[in-house]
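# Analysis of the macromolecular model
Listed here are the chains, written in short residue letters.
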Amino acid sequence: MEEPKVELDDLEVNQERLKLNTNQLKNLRVYGSLNAGMIAGILGMDGWIGIGIYVAIFLIVSACLAIKMNFRVKEYFKSSYDAYYSGIGTDMLLFLMIWVIFHNLVNIL
């Protein structure tokens, strides 16, 4: 006899684990934005090249996250949107602030 297949939507979600995963993801994104801002600022990137650094770091972090989870995002988060795109606006603002600060400290002062 075959066992019935269980859909991921039918699984009970452990709210504590979900909150922990979300907080760890938030921290990972913040550190990625900080590092991208420091890299772009120290290297003196201007204009779209600096934004390209942020996008590259964001994609690398997302790819590493997907690989670490064996591409089974719904087992760790409510939706794939939460895992890959949540917090992109606040992370971008943090990146811009750190980029400007480091660019000014290293290349202008």
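Taking an unreviewed UniProt entry as the reference, the protein chain is identified by name as ER membrane protein complex subunit 6 belonging to Paramecium tetraurelia. Under Subcellular location (unreviewed entry), UniProt gives the following word-for-word description of the protein chain: "Endoplasmic reticulum membrane". Of the comments in the UniProt record for the protein chain, the one headed Sequence similarities (unreviewed entry) reads "Belongs to the EMC6 family."

Let's shift gears to empty space enclosed by the protein. This structure, assessed with the given rule, holds one cavity of 30 Å³ or more. Put simply, the largest cavity is a space of about 60 Å³. If you trace the largest cavity, you find it lined by Leu 28, Arg 29, Gly 32, Ser 33, Tyr 54, Ile 57, Phe 58, Val 61 and Asp 91. Those elements that provide at least two residues to the lining of the largest cavity are helix H1 (15–42) and helix H2 (48–68). When the residues that make up the lining of the largest cavity are grouped by side-chain class, the tally is five nonpolar, two polar and two charged.

Criteria and thresholds
Residues numbered from 1 in each chain as written. Predicted model: local features only at pLDDT ≥ 70, side-chain atom pairs only at ≥ 80, totals over all residues. Heavy atoms only, no water. UniProt positions renumbered as here; feature names shortened; annotations may be inferred. 1 Å grid on protein atoms, 1.4 Å probe; cavity = no way out; pocket = protein on both sides within 12 Å on 5 of 7 lines; lining within 4 Å. Points joined across faces, edges and corners; volume = space filled by probe spheres on them. Helix = DSSP H or I, 4+ residues; strand = E, 2+ residues; numbered from the N terminus. Nonpolar A, V, L, I, M, F, W, Y, C, P; charged D, E, K, R; others polar.

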